[in-house]
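Structural characterization, general
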Amino acid sequence: MASIAYSSAAFTGTSASDLLRSSSNGVSGIPLKTLGKAPFSVKKRDATVAAKLKKGKKHDYPWPADPDPNVKGGVLTHLSHFKPLKEKQKPVTLDFEKPLVEIEKKMIDVRRMANETGLDFSDQIILLENKYQQALKDLYRHLTPIQRVHIARHPNRPTFLDHIFSITDKFVELHGDRSGYDDPAIVTGIGTIDDRRYMFIGQQKGRNTKENIHRNFGMPTPHGYRKALRMMYYADHHGFPIVTFIDTPGAYADLKSEELGQGEAIAHNLRTMFGLKVPIVSIVIGEGGSGGALAIGCANKLLMLENAVFYVASPEACAAILWKTAKASPKAAEKLRITAPELCRLQICDGIIPEPLGGAHADPAWTSQQIKAAINETMDELTAMDTEKLLKHRMHKFRKLGGFEENAQVDPKKKVNMKKEDQIVRTTPNEELEGEVEKLKQQILKAKESSSKPPEMALKDMIEKLKKEVDHEYSEAIKATGLKDRLDMLREEVSKVNSRDQLMNPVIRDKIEKLKDEFNQKLSAAPNHPTLQYKLDMLKEFSKAKSLSDAATLKQEVNKKFNEIMSRPEINEKLEALKAEAQNSGSSSFADLDQGLKDKVLNTRKEVELEMISALKSIGLVVEGVKSNEKVLSEKDSPSVFKNKVDHLNEEINKKIENVVSSSELKNMIELLKLEIARAGNKPDTESKSKIEAIQKQIKQRLSEAIISSELIEKYEDLKEKNSEVEQSSAGADESLQKETKYEEPRLEINLGANSSFAQ
């Protein structure tokens, strides 16, 4: 800093504005009035200039001095101050989760006891773990609305930036509303997912007390909404699709925010978002409170995490208004219809993103991948629309909200984007169905007597009708046996497993098998069991008749194709020439022909076979093999007889294995293996692997002991010896054909895949 000293007497009575003016003679800070009134002389004095550098905190923002090229997400992730927490978040137990904590404590006590005493408590630990998993499933499958509110507000729930750095390849955070303020409660930036660029806007909560104070607990001020608006204009100008993440209890409603125009900022965002020409997807990842959430939520598609909530007023505020006490919040949460399933039913939410058992905080990485998949799927649908259709889609989504009228006919044009009605299955009365069945049976019998085709269309229609009838009867039988609720729960479990692209858990597979067995046992007691059995029998009978009819039709087509090929002039000429040459040679069998004539015969046969193969492919058949009709082996050692013996031996071995598997000892070992695999999960540790391998080894040993018996070994050795004889005979068949085998025309066999073959 430079400082120059002048006499204070010269400036007496001068105003501040005069001091700011500069003189024309180059002397700064002296007014012209003072110079004119008094004699003035300027003395040369030494000017002292003092400068001091201010020390500041060194940041790695915007670029680090030595960026690591291998950092996850690329070097651009350094453009955000958001970093992983140095300390792990403390576990927080919600009130309704306390029964789970008690089971966890028991497991910890048993493990500690096992470590201290050295005794084997593995069975007890496995039982406790299974009990814990079952309790967790039962708890999180039947959550009340207020419990979902508590999960959405969980302190350890992943925030907007947690998800962003998990799903994006690169992300650059952009700051400021260009009016002098940067609200940390709203974070904006450009990121890429699978090489597709998006503008991300989200409300950011803190992960601890310090961050929450900095982020104002995720409650934005007008500056935050104006920052979001600036980024929306930017994305619309450059054609970036917009993805917004909603996670706020509401806009910050203090006096200063109202003075700065909180309501105007939210209203401006609402109006602008309806006119943006790029696709917009909003995802509620926690709680979406009132206008503070809607200010970045006017989108083409609104998606919600499974345990997220979206409300006009919080349950506590609603309860305080209506029932004069916040203790009525569970009742208010139920009446408000704020959960994802309820909002989907009301068509406010367009889709639910699944969460793991225990909430998103139980497995944040998996939840982020589900969000990524939902963004890709939704954006594929929206980017296929042109601008006009996109704007109409967004307008129609909000115009249809709230329009409910009981017992009113819905205009067909308004059925777009509305939930489809459940289809009602109308069954045929048993007397009418039996009459139709008998009539069709008579038609099939008449067709057989007259050697004509059965009525194909009537047969096909009857099979489709019987299939629907059987499905309906099974549904009624499941209801009658009281297994419908268990079946629905299993379907939900299986659908979740399939949506995660994972292998089915052995526990779920075991549940399915148990439910099947229980249903089969109770089916005979169902009131509609005789009707179901009758319809099943008719379905099998007509399906068999249709397959025979199809087979006969196919055989006719094959014969027709073969006759067409054999009636061709060029093939007829070749066959006649070969017959003439064979007669002139005086040979009585194919083996007596000279080598040149043999080659001609084989080439002609190969040519006919290729023609037939191409003809069969043209009618949709697949030819598995072409065989000649010469018999080399005796009937006793034919391949079909040999195959029957092999099948019989396999049946004996399978029976042995079934007997061993049905034993209580092996059943217990298999159940233990299933439990160990389920406990190990996708990433088993070394101890789990060793246990699984040991159990597998014991099971294999039990099975091998059952299979290795003297009787089975003798049969196996006998078949092995015969197999070698068959192979040797087949190898020498082409060179030494038996003399009694006469030359016949080539024969082609087609395997239709249903244990049936037609030959010509």
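Structure: above.
Below, the structure is looked at part by part. It should be emphasised that the depicted structure is a prediction, and the values quoted were computed from it without experimental measurement.

About the thresholds
Residues numbered from 1 in each chain as written. Predicted model: local features only at pLDDT ≥ 70, side-chain atom pairs only at ≥ 80, totals over all residues. Heavy atoms only, no water. Helix = DSSP H or I, 4+ residues; strand = E, 2+ residues; numbered from the N terminus. Buried < 20%, exposed > 50% of the residue type's maximum accessible area, 1.4 Å probe, protein only. Arc of directions from axis to C-beta. Core = buried A, V, L, I, M, F, W, Y, C linked by side-chain atoms within 4.5 Å. Contact = heavy atoms within 4.5 Å. Salt bridge = Lys/Arg side-chain N within 4 Å of Asp/Glu carboxyl O. Phe/Tyr/Trp six-rings, centres within 6.5 Å; stacked < 30°, edge-to-face > 60°. Axes fitted to C-alpha atoms, helices over the stretch in contact; angles between N-to-C directions. Parallel < 35°, antiparallel > 145°, perpendicular 65-115°, else oblique. Nonpolar A, V, L, I, M, F, W, Y, C, P; charged D, E, K, R; others polar. Lys, Arg positive; Asp, Glu negative; His and termini not counted.

The next thing to look at is unusual backbone geometry. A positive phi angle, close to 65°, is found at aspartate 195, a residue other than glycine. The residue aspartate 195 is located in the loop between strand E4 (186-193) and strand E5 (196-203) in this model. Taking relative accessible area as the criterion, aspartate 195 reaches 75% and is therefore assigned exposed. Located in the positive-phi region is glutamine 347, a residue other than glycine, with phi close to 65°. Mapped onto the elements, glutamine 347 comes out in the loop between helix H14 (340-345) and strand E10 (351-353).

Moving on, we come to helix H13 (residues 329-336). Among the residues making up H13, those that are buried are Ser329, Ala332 and Ala333. Within H13, the buried residues cover an arc of 100° as seen down the axis, which keeps them to one side. Backbone geometry just after H13 places arginine 337 at a positive phi near 60°.

Attention shifts here to the nonpolar core. Among the nonpolar cores identified, the biggest contains 57 residues, and Phe200, Ile201, Ile242, Phe245, Ile283 and Ile375 are the most heavily contacted of them. Core analysis: the second largest hydrophobic core is formed by 25 residues, Leu459, Leu487, Ile508 and Phe542 among them.

Checked against the element boundaries, glycine 218 lands in the loop between helix H7 (209-214) and helix H8 (222-238). A relative accessible area of 0% places glycine 218 in the buried class. Spatially, the C-alpha atom of glycine 218 lies 8.1 Å from that of glycine 250, the residues being 32 residues apart in sequence. If sequence neighbours within four positions are ignored, glycine 218 has contacts with Ala185, Gln203, Gln204, Lys205, Asp247, Thr248 and Pro249.

Turning next to the pattern of salt bridges. Counting across every chain of the model gives 26 salt bridges. Note that glutamate 211 is salt-bridged to arginine 207, the shortest N-O span being 2.7 Å. Across the pair, exposure class does not vary: glutamate 211 and arginine 207 are buried alike. Ionic contacts of the salt-bridge type, sharing partners, join the residues Arg153, Lys205, Asp247, Glu287 and Glu316 into one network.

Turning next to the packing of aromatic side chains. Scanning all chains against the criterion turns up 9 aromatic pairs. Where tyrosine 474 meets phenylalanine 519, the ring centres are 6.1 Å apart and the plane angle is 45°; that geometry is what we call tilted. On the criterion of sequence distance, the pair formed by tyrosine 474 in helix H18 (residues 456-480) and phenylalanine 519 in helix H20 (residues 506-523) is long-range, its members being 45 residues apart. You can call tyrosine 474 partly exposed: its relative accessible area is 29%. Given a relative accessible area of 13%, phenylalanine 519 falls into the buried group. By the ring-pair criterion, three or more aromatic residues cluster together here, those being Phe160, Phe165, Phe171, Tyr198, Phe200 and Phe245.

Before going further, it helps to examine the packing of helix H12 (residues 315-322) against H13. In a packed pair of helices, the relevant descriptors are the angle between the two axes and the axis-to-axis distance. Running from N to C, H12 and H13 cross one another at 105°; their axes reach a closest spacing of 8 Å. Our classification of the angle between H12 and H13 gives roughly perpendicular. Together, Pro315, Glu316, Cys318 and Ala319 of H12 and Ser329, Ala332, Ala333 and Leu336 of H13 make up the contact between the two elements. Taken together, the residues that form the contact of H12 with H13 break down as 6 nonpolar, 1 polar and 1 charged.

Position of arginine 215 relative to the elements: it lies in the loop between H7 and H8. Glutamate 173 is the oppositely charged side chain nearest to the buried, salt-bridge-free arginine 215, at an N-O distance of 5.0 Å. Those residues in contact with arginine 215 that sit more than four places away from it in its chain are Phe82, Leu161, Pro184, Ala185, Val187, Gln204, Lys205 and Gly206.

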